[in-house]
Amino acid sequence: KGKQKPSLTRLNKAERNVVAPWIHHCDAFTLFSWKGQAWALPASVAADLESLTGKLRIVSAGLKVGKIIREELIPSHELAMSVHAAASIPRVELPAAAAVAYLRKESPEIPVKEKGWLLATYRNHPLGWLKGVGGRFNNYYPTNWRIRGRGDPVNSPEE
């Protein structure tokens, strides 16, 4: 007998209420739990995925929204980079030097005003998540994607 395939289950009402504010036009998606994460899949193909999960090895399907822990969403980097991230998510525009520090997985030197999750952007392009906690930010940029080395990749003097 082979390994048991991860089960795919639709989110319950409480879980949907946690995830819905993070997704633009959430009603167009079927929200489900898979491999310990919340995922969003276009409603038009959700039934197809549900029927295939027992027959095929699914590597990835839809948009990984994040992990729900104690009625809070820990958003995924995939959501940050997605066009489906809700416009209502608070954003912080980083100047060039702070954006590079963020991409190095350092704490950007910016004044902290908000608590909670913020989408870090540079020139209105999403970079990833920051979480404001007590006068500082935690950087949630994926560690294995960080810029390594100390060369200055910022060649443009404009901010």
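Note that the structure is a prediction, hence the values are computed from the model and not measured.

The rules behind each value
The residue count restarts for each chain, going from 1 along the sequence in the order it is written. Residue-level local features of this predicted model are given only where pLDDT is at least 70; pairs of side-chain atoms are given and counted only at 80 or more, and the full residue set underlies all totals for whole chains, interfaces and linings. The side-chain figures draw on all heavy atoms in the structure; neither hydrogens nor water molecules are used. Salt bridge criterion: a side-chain nitrogen from Lys or Arg within 4 Å of a carboxyl oxygen from Asp or Glu. Under the scheme used here, helices are H or I runs from DSSP no shorter than 4 residues and strands are E runs no shorter than 2 residues, and both carry numbers assigned from the N terminus. Under the scheme applied here, a residue whose accessible area is under 20% of the maximum for its type counts as buried, over 50% as exposed, and between as partly exposed, the area being computed with a 1.4 Å probe on protein chains only. Whether two strands pair depends on DSSP finding at least two bridges between them. Structural elements are reduced to axes, namely lines fitted to C-alpha atoms, with helices fitted over the stretch in contact, and the angle between N-to-C directions of any two is expressed from 0 to 180 degrees. In this description, contact between two residues means that some pair of their heavy atoms is separated by no more than 4.5 Å. Ring pairs shown here join Phe, Tyr and Trp side chains whose ring centres sit within 6.5 Å, with only the six-membered ring taken for Trp; geometry is labelled stacked below 30 degrees between planes, edge-to-face above 60, and tilted in between.

## Quick notes on the pattern of salt bridges
- Taken as a whole and assessed by the stated rule, the structure comprises 3 salt bridges.
- Here Glu 78 and Lys 64 are joined by a salt bridge, their closest N and O atoms 3.9 Å apart. With Glu 78 in helix α3 (residues 77-81) and Lys 64 in strand β4 (residues 63-69), this pair connects stretches of sequence that are 14 residues apart.
- A relative accessible area of 39% means that Glu 78 is categorised as partly exposed.

## A few points about the sheet that holds strand β9 (residues 136-139)
- Strand order in the open sheet formed by 4 strands is β6-β7-β8-β9, with mixed pairing between adjacent strands. With partners counted over all chains shown, the strands left at the sheet margins are β6 (91-93) and β9, one partner each. On average, adjacent strands in this sheet sit at an angle of 40 degrees to one another, irrespective of strand direction.
- In this structure, strand β7 (residues 116-122) lies alongside strand β8 (residues 125-133), joined through 7 bridges in antiparallel fashion. Counted as the bridge partner of Thr 121 is Pro 126 from β8.
- Running at roughly 80 degrees to β8, helix α4 (residues 96-103) makes contact with β7, β8 and β9 of the sheet.

## Overview of the packing of aromatic side chains
- Applying the stated rule across the entire model yields 6 aromatic pairs.
- Seen in terms of ring centroids, Trp 117 and Trp 129 are 6.4 Å apart; in terms of plane orientation they differ by 80 degrees. Their pairing is edge-to-face. In this pair, Trp 117 sits in strand β7 while Trp 129 sits in strand β8, placing the two residues 12 residues apart along the sequence. A single burial state applies to Trp 117 and to Trp 129, both of which are buried.
- Following the ring pairs from residue to residue traces out a cluster consisting of Trp 22, Trp 117, Trp 129 and Tyr 140.

Purely geometric stuff here, so don't read any function into it on its own.
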